[in-house]
Amino acid sequence: MPEGHVVHRLARDLAADLGGRRLTVSSPQGRFTAEAARVDGTVLRHTEAYGKHLFVGLSSDDEIHVHLGMQGKWLRVADPARPALPQVRLRLATEAVAWDLIAPARCELLTEAAVEDLVRGLGPDPLRSDTDAEAAVAALRAAPGAIGAALLDQSVVSGVGNVFRNEALHAVGIAPKRPCRELSTSEARALWAELRRMMAQAVEDGRIVTVDATDRAAVPEAEARKVYKQQRCRDCGTPVVTSTVGGRTAYHCPREQPG
DNA sequence: GGGTAATGTGGAA
DNA sequence: TCCACCTTACCCA
């Protein structure tokens, strides 16, 4: 269940397994059958993540665009001879390995021009090296409404989901309901830097762990965050406050995130 | 075995 | 603001 770190990690892992390889493309579930037939036998040229969007570029000049939505996931299948489950929307296979896409919100073929249009509508992605930090800071300060809502708006910044917005705001001591226009430049800079740090760490970990731990992999999922879905703040023990911000449940520590 | 929430988004109301 | 979508995981019985 994917925020941007999952998509960036997938771009990397798919490229490692499938980059430069000729693909057998199929849609066992049937909702991508015509498109799969069109690109079956093409070579995977590159993969790219932008926000929560994944693009798989093929030698036919088609791009497969995948958005996982809330439930989508890719499963790596070590034995490509093993038939896919019937609910698999898309299988990308070589003779060595297969990747199966389950329950995506979107899976479609786009032209490169259509990809550019889509990406143009996305705000800066903290996980990309080609983003302008000062532009991101300006966009955050200029956004209408609360910072907790702006962080979920993919046209303001992209790739941030409900876990990162709550954990990053906590890390920099900003309450989710603070209006964007009230944020100082230094606050917005700290928030952007924290998003970049936290999300990059999550790409490496393959999960979101924001508590301090020597062995990050050993932290149980339910205890991996400081405020998100926590009863008490894992820094100071203060009861976590829940509210609705930007249409989703926000979590914050009233002591460390005043206002 | 059933019921529900879920790290998301877009369209209807 | 609500709801539908796609599926899984976890809780409860």
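Looking up chain A in an unreviewed UniProt entry gives the name DNA-(apurinic or apyrimidinic site) lyase, with the organism given as Saccharomonospora cyanea NA-134. Its UniProt record gives chain A the following Sequence similarities (unreviewed entry) comment, quoted word for word: "Belongs to the FPG family."

Draft legend 1. The side chain of threonine 131, seen in detail. With respect to the helices, strands and loops of the structure, threonine 131 is situated in the loop between helix H3 (112–120) and helix H4 (133–142). A distance of 3.2 Å separates a polar atom in the side chain of threonine 131 from the backbone oxygen of arginine 128. What threonine 131 contacts, discounting residues up to four positions off in sequence, is Pro124, Asp125, Trp192 and Arg196.

Draft legend 2. Examining the UniProt feature "domain: Formamidopyrimidine-DNA glycosylase catalytic" (unreviewed entry) in chain A more closely. The sites that carry the UniProt feature "domain: Formamidopyrimidine-DNA glycosylase catalytic" (unreviewed entry) are, in the present numbering, residues 2–74. Spanning residues 2–74, this segment combines 30% helix with 32% strand, and its end C-alpha atoms are found 11 Å apart.

Draft legend 3. Local environment of helix H6 (residues 162–172). Burial of H6 is extensive: nine of the 11 residues sit out of reach of the surface. Those residues of H6 not exposed but buried are Asn162, Val163, Phe164, Arg165, Asn166, Glu167, Ala168, Leu169 and His170. Residue glycine 173 follows H6 closely and has a positive phi angle near 75°.

Draft legend 4. A look at the nonpolar core. Ranked by internal contacts, the top residues of the largest apolar core, which has 33 residues, are Ile147, Leu151, Leu191 and Leu195. Of all the secondary structure elements, the ones that give two or more residues to this core are H4, helix H5 (147–150), H6 and helix H7 (185–205). The biggest single contributor to this core is H7, with eight residues. What leucine 151 contacts, discounting residues up to four positions off in sequence, is Leu140, Val157, Val160, Arg165, Leu169, Leu191 and Leu195. Judged by nonpolar contacts, the second largest core, of 26 residues, contains Leu68, Leu90, Trp99 and Leu109.

Draft legend 5. Quick peek at the sheet that holds strand S8 (residues 106–110). The sheet built from four strands is open, its strands ordered S2-S3-S4-S8 with antiparallel pairing. A strand with exactly one partner marks an edge of an open sheet, and here the two such strands are strand S2 (44–50) and S8. For this sheet, the mean inter-axis angle between neighbouring strands, taken without regard to orientation, is 20°. Judged from the five bridges that link them, strand S4 (residues 63–67) and S8 form a sheet pairing that is antiparallel. Directly across from glutamate 63, in S8, lies its bridge partner leucine 110. On top of the sheet, helix H1 (residues 4–18) reaches S2 and strand S3 (53–58); it is set at about 170° to S2, its chief contact.

Draft legend 6. Structural detail: the domain arrangement of chain A. Under the domain assignment, chain A is made up of domain 1 (4–120) and domain 2 (133–252). Placing the centre of domain 1 and that of domain 2 at their C-alpha centroids yields a distance of 29 Å. The largest contributions to the domain 1 side of the interface with domain 2 come from His5, Arg9 and Lys52, which together make up 61% of the buried area. Applying the counting rule to domain 1 against domain 2 returns one salt bridge. As a salt-bridge pair, arginine 12 and glutamate 204 come within 2.8 Å of each other at their nearest N and O atoms. Remark: the boundary between domain 1 and domain 2 carries five residue pairs in polar contact (both at pLDDT 80 or more). By residue number, the principal contributor to the side of domain 1 that touches domain 2 is H1, which donates five residues.

Criteria and cut-off values
- The written sequence of each chain sets the order in which its residues are numbered from 1.
- Each chain takes a letter, starting from A, and each ligand takes a number, starting from 1, following the order in which they are written.
- Totals for whole chains, interfaces and linings use every residue, but because this is a predicted model, local features are given only for residues with pLDDT of at least 70 and side-chain atom pairs only at 80 or more, for both listing and counting.
- Heavy atoms throughout the structure, all of them, feed into the side-chain values; hydrogens and water do not.
- UniProt positions are given in the numbering used here, feature names are shortened, and annotations may be inferred rather than shown by experiment.
- Note on conventions: DSSP H or I runs of at least 4 residues are helices, E runs of at least 2 residues are strands, and numbering of each starts at the N terminus.
- For this analysis, a polar contact is any N or O atom pair within 3.5 Å, provided that within protein one partner can donate a hydrogen and the other can accept it, and provided that sequence-adjacent residues contribute only side-chain to side-chain pairs.
- Any two residues whose heavy atoms approach within 4.5 Å are treated as being in contact.
- Each residue is assigned to one of three classes by its accessible area relative to the maximum for its type, calculated with a 1.4 Å probe on protein chains only: buried under 20%, partly exposed between the two thresholds, exposed over 50%.
- Take the buried Ala, Val, Leu, Ile, Met, Phe, Trp, Tyr and Cys residues and link them wherever side-chain atoms come within 4.5 Å; each set so joined is a nonpolar core.
- Here, any two strands with at least 2 DSSP bridges between them count as paired.
- Interaxial angle, 0 to 180 degrees, is taken between N-to-C directions of lines fitted to C-alpha atoms, where a helix line uses only the stretch in contact.
- For the domain bounds, the source is a domain assignment made automatically or taken from a database.
- As used here, buried area is the combined drop in accessible area, with a 1.4 Å probe, of two parts when they are placed together.
- For salt bridges, the criterion is a side-chain nitrogen of Lys or Arg within 4 Å of an Asp or Glu carboxyl oxygen.

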